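# Tertiary structure, described
Chain residues, written in single-letter form:
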Amino acid sequence: MTDLTPAPRLSVVVPVKNEALNILPLVEEIERACSALTPFEVIYVDDGSTDDTAQQVLAARTTRPWLRLVRHEASCGQSAAVRTGVHAARGPIIATLDGDGQNDPAFIPQMVAALDDQSVGIVAGQRLGRKGTAKRWQSKIANGVRGRVLKDGTRDTGCGLKAFRRDIYMRLPYFDALHRFMPALVKREGYKIAHVDVVDRPRHAGQSNYGLFDRLWVGILDLAGVWWLIRRRRRVPVSQEIL
């Protein structure tokens, strides 16, 4: 059967795990935010949830043909969920955001517009007014360490709100926690990084699955690996066939 659905200009990828109560409110916000960016698609990647997350996405999909669901049989982590969504995406531009409602989709059009500059490879959201003293200090420590080592000019690599070109993402090396190192790796590919200040909101419901251990200590080896990759980057030749 031929698929007559127009190819989307934008694919919004939302990784989720046990976020059943947050699905419909966020889907409605994404729908409003992206109304001027049609045709678009939204891909929810259910990372092995044990609650009704998948059922809530399927229920929301009954009146939204642009909404898609991909499900991991077992939880593989946020970077794996983002990767799954990007691989499934049909749009040339990808926007990502966390599924807990703390990232406001209203910033997506502004971030996508920044990619009109062809020299920009990724637009990274940088949160203002972080909610929770402990979480704010966790991110400050983790981002401070990364910033000093990678020097990518991004003060908040943990923000889920990002927009980037799919073809560039597909060239990046894949590893766990890739989503936290994307600005540095996109810069390594020769592209500029743009930044947009975004508002950090309270969760709609539920609790975070991530803590300081995830943000810093688990990433130490990854940080060393990314530093090594950047230092080993060789000049990419510009070539053309002579006819």
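The present account deals with the structure reproduced in this document. Quick caveat, the model's predicted, so the values are computed rather than measured.

With that settled, the discussion passes to the overall build of the protein chain. Regarding its fold elements, the protein chain presents nine helices and seven strands. With 243 residues in all, the protein chain has 51% of them scored as buried. When contacts within the protein chain are restricted to residue pairs at least 6 apart in sequence, those whose partners lie at least 24 apart make up 81%. Total accessible area on the protein chain stands at roughly 12,400 Å², and carbon and sulfur atoms take up 55% of it.

Counting buried positions along strand 2 (residues 40-47) gives eight out of eight residues, so the element sits mostly inside the fold. Going residue by residue along strand 2, you find Phe40, Val42, Tyr44 and Asp46 tucked away on one face and Glu41, Ile43, Val45 and Asp47 tucked away on the opposite face as well. As judged from the seven bridges shared by strand 1 (residues 10-16) and strand 2, these two strands associate in the parallel manner. Bridge pairing in strand 2 links Leu10 to Phe40.

Bringing the sheet that holds strand 7 (residues 192-199) into the picture now. Taken in spatial order, the seven strands of this open sheet run 3-2-1-4-6-5-7, and their pairing is mixed. Among the strands making up the open sheet, the edge pair consists of strand 3 (67-72) and strand 7. For this sheet, the mean inter-axis angle between neighbouring strands, taken without regard to orientation, is 20°. As paired elements, strand 4 (residues 93-96) and strand 6 (residues 162-165) share four bridges and run antiparallel to each other. Looking across to strand 6, one finds that Ile94 is bridged to Phe164. In the packing of helix 2 (residues 53-61) onto the sheet, contacts are made with strand 1, strand 2 and strand 3, and the angle to strand 3 comes to roughly 160°.

Bringing helix 2 into the picture now. Every buried residue of helix 2 is accounted for by Thr53, Ala54, Val57 and Ala60. Buried residues along helix 2 cover an arc of 125° about the axis, so they all sit on one side. As for helix 2, its buried residues are in contact with strand 1, helix 1 (23-33), strand 2 and strand 3.

The next subject is the pairing of strand 3. In terms of strand pairing, strand 2 meets strand 3 through six bridges, oriented parallel. Bridge pairing links Asp46 to Arg71 in strand 3. At this point the chain moves from strand 2, through helix 2, to the parallel strand 3, and the crossover so formed is right-handed.

So, about the packing of aromatic side chains. The full count for this structure, using the stated rule, is two aromatic pairs. An angle of 45° between the planes, with centres 5.0 Å apart, marks the rings of Phe40 and Trp66 as tilted. Of the two residues, Phe40 is situated in strand 2 and Trp66 in the loop between helix 2 and strand 3; the sequence distance between them amounts to 26 residues. Its guanidinium or amino end placed over the ring of Tyr174, Arg83 lies 4.5 Å from that ring's centre, counting from NZ or CZ.

Next up on the list: the packing of helix 1 against helix 2. At their nearest, the axes of helix 1 and helix 2 sit 9 Å apart, and the two run at 40° to each other. Of the possible angle classes, the one that applies to helix 1 and helix 2 is oblique. In this structure, helix 1 meets helix 2 at a crossing whose hand is right-handed. Between helix 1 and helix 2, the contacting residues are Ile23, Leu24 and Val27 on the first element and Thr53, Gln56, Val57 and Ala60 on the second. Looking at the contact of helix 1 with helix 2, its residues break down into five nonpolar, two polar and no charged.

With that settled, consider the nonpolar core. Within the largest apolar cluster, 33 residues are counted, with the highest numbers of intra-cluster contacts made by Leu10, Val12, Val14, Ile30, Val42, Tyr44 and Ile108. Setting aside chain neighbours within four positions, we find Ile108 in contact with Leu10, Val12, Cys34, Leu37, Ala95, Leu97 and Leu161. Formed by 20 residues, the second largest nonpolar core is a distinct cluster that contains Ile94, Ile168, Leu172 and Met182.

Before going further, it helps to spend a moment on the side chain of Asn103. Inspection of the secondary structure assignment puts Asn103 in the loop between strand 4 and helix 4 (108-114). Residue class for Asn103 comes out buried when judged on its relative accessible area of 2%. Of note is the side chain of Asn103, whose polar atom sits 2.8 Å from the backbone nitrogen of Asp98. Discounting residues that sit within four places of it in the chain, Asn103 has contacts with Leu26, Leu97, Asp98, Cys159, Gly160, Leu161 and Arg201.

Definitions and cut-offs
Residues numbered from 1 in each chain as written. Predicted model: local features only at pLDDT ≥ 70, side-chain atom pairs only at ≥ 80, totals over all residues. Heavy atoms only, no water. Helix = DSSP H or I, 4+ residues; strand = E, 2+ residues; numbered from the N terminus. Buried < 20%, exposed > 50% of the residue type's maximum accessible area, 1.4 Å probe, protein only. Contact = heavy atoms within 4.5 Å. Areas by Shrake-Rupley, 256 points an atom, 1.4 Å probe, with all protein chains shown as cover. Pairing = 2+ DSSP bridges. Axes fitted to C-alpha atoms, helices over the stretch in contact; angles between N-to-C directions. Arc of directions from axis to C-beta. Right-handed = clockwise from strand over helix to strand, strands pointing away. Phe/Tyr/Trp six-rings, centres within 6.5 Å; stacked < 30°, edge-to-face > 60°. Lys NZ or Arg CZ within 6 Å of the ring centre and 35° of its normal. Parallel < 35°, antiparallel > 145°, perpendicular 65-115°, else oblique. Left-handed = near helix turned anticlockwise from the far one by under 90°. Nonpolar A, V, L, I, M, F, W, Y, C, P; charged D, E, K, R; others polar. Core = buried A, V, L, I, M, F, W, Y, C linked by side-chain atoms within 4.5 Å. Polar contact = N/O pair within 3.5 Å; in protein donor to acceptor, adjacent residues only side chain to side chain.

None of the figures reported here should be taken as evidence of function without further support.
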